[in-house]
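Letter by letter, the chains look like this.
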Amino acid sequence: MDRRRQIIHEWLESIFPADEVSLTPASSDASFRRYFRLQIESTTLIVMDAPPEHEEITTFCRIGRRFHQLGINVPEILEADEVKGLVLMTDLGAQHYLDSLNNNTADQLYSDALDCLITLQSGTFSEPDFLPPYSAELLRREMNLFREWYLTRHLGLQISAEEHRIMDDAWEILIKSALEQPQLWVHRDYHSRNLMVTENNNPGVIDFQDAVTGPITYDLVSLLKDCYIEWPTERVNDWVLGYHGRALQSGLLEKVDKQQFMRWFQRMGIQRHLKVAGIFARLSHRDGKDRYLDDIPLTMHYLLAALKDDTELSSLYNLIVSRIEG
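Here goes a summary of the coordinates provided. (Residues numbered from 1 in each chain as written. Predicted model: local features only at pLDDT ≥ 70, side-chain atom pairs only at ≥ 80, totals over all residues. Heavy atoms only, no water.)

Most peptide bonds take the trans form, and the phi angle of most residues other than glycine is negative. In this model, Asn202 is joined to Pro203 through a cis peptide bond whose omega is 0°. Among the structural elements, Pro203 can be located in the loop between strand 7 (195–196) and strand 8 (204–205). The backbone phi angle of Asn201 is positive, close to 55°, even though this residue is not glycine. Phi at Lys255 takes a positive value of approximately 55°, unusual for a residue other than glycine. Of the residues examined, Lys255 reaches a relative accessible area of 88% and is grouped as exposed. (Helix = DSSP H or I, 4+ residues; strand = E, 2+ residues; numbered from the N terminus. Buried < 20%, exposed > 50% of the residue type's maximum accessible area, 1.4 Å probe, protein only.)

Here it is, written out as structure tokens:
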């Protein structure tokens, strides 16, 4: 038994001194966090293990409690020890959206997820300063992961001064597009591996600790241009426009036509997929998590398809295509 498992067992025994503690691995993610399923008689709970030398749990607990107050189906936090880096919470089950999405289920599952997204975004108006801003600096830093980790480290390319200039100019166009949108609460990783299929109040929502206040289309892109599953363009566009109607009706959007909204959506996808390609490369080369390399092709497919249709970003498209094919 590793040292962290021993710490978890001792902590749980202090909470449930009269019960037999049984732990099984539930999942892990791209960070240092691990999750265990705890069996207490006929009930299961989840223990999050976040080693304090690598992770902090204060933000997770603060956001989780606030989202729970909104009525979002996040795990309810039952116990937390910030010194030990441990959280005990309710169990949303083991059925991810990714395991359940198919041609027959997609419309209903995405409808539920879009309703939940509207609820999350509407929380902005009750407490506008609750989450940090998705600033120009953060957006730029995320896109720089693409050149640092994907182009330079993963592909082993030398980037010329002219190529750096092309990327810098493209970053500014994408930042401008992001910041001119309504700024609402953003989960920041709202996709099929972080949404759980639940019997009541579907979906269950996890992995929300990086939430910010940012562009209205960000979580929509994460959901509908998901790096782990692809849908036909026509179907994605239908879902996007369906969300556009809901956002207008709920007051999240005012006087933004479909063409402008779709342009925001496409450019937000470019920003996200630049970031994600860099993150997947970093997870492999820095953290030894090579399985994420399998998800780069779909991410790059989304990126290049959106760039190809954006004439103002044609230089970036040509740069990426020429360097990848070269």
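What follows is about the packing of aromatic side chains. Aromatic ring pairs are defined here through the distance separating the ring centres and the angle between the ring planes. All chains considered together, the criterion is met by twelve aromatic pairs. Residues Phe67 and Phe208 carry aromatic rings whose centres are separated by 5.9 Å and whose planes lie at 55° to one another, so their mutual orientation is tilted. With Phe67 in helix 2 (residues 58–70) and Phe208 in the loop between strand 8 and strand 9 (212–215), the pair connects residues that are 141 residues apart, well separated along the chain. Residue Phe67 is classed as buried on the basis of its relative accessible area of 0%. Owing to a relative accessible area of 1%, Phe208 belongs among the buried residues under this scheme. Considering the side-chain rings of Tyr243 and Phe261, the 5.9 Å spacing of their centres and the 25° angle between planes classify their relative orientation as stacked. Taken together, the residues span a long stretch of sequence, with Tyr243 in helix 8 (residues 233–250) and Phe261 in helix 9 (residues 258–285) at a distance of 18 residues. Of the residues examined, Tyr243 reaches a relative accessible area of 0% and is grouped as buried. Accessibility expressed as a relative area gives 0% for Phe261, which makes it buried. Between Arg62 and the ring centre of Phe130, over which it is positioned, the NZ or CZ distance is 3.9 Å. Directly above the aromatic system of Tyr134 lies the positively charged group of Arg188, at a separation of 5.1 Å from the ring centroid. (Phe/Tyr/Trp six-rings, centres within 6.5 Å; stacked < 30°, edge-to-face > 60°. Lys NZ or Arg CZ within 6 Å of the ring centre and 35° of its normal.)

Shape is all these values report; function is a separate question.
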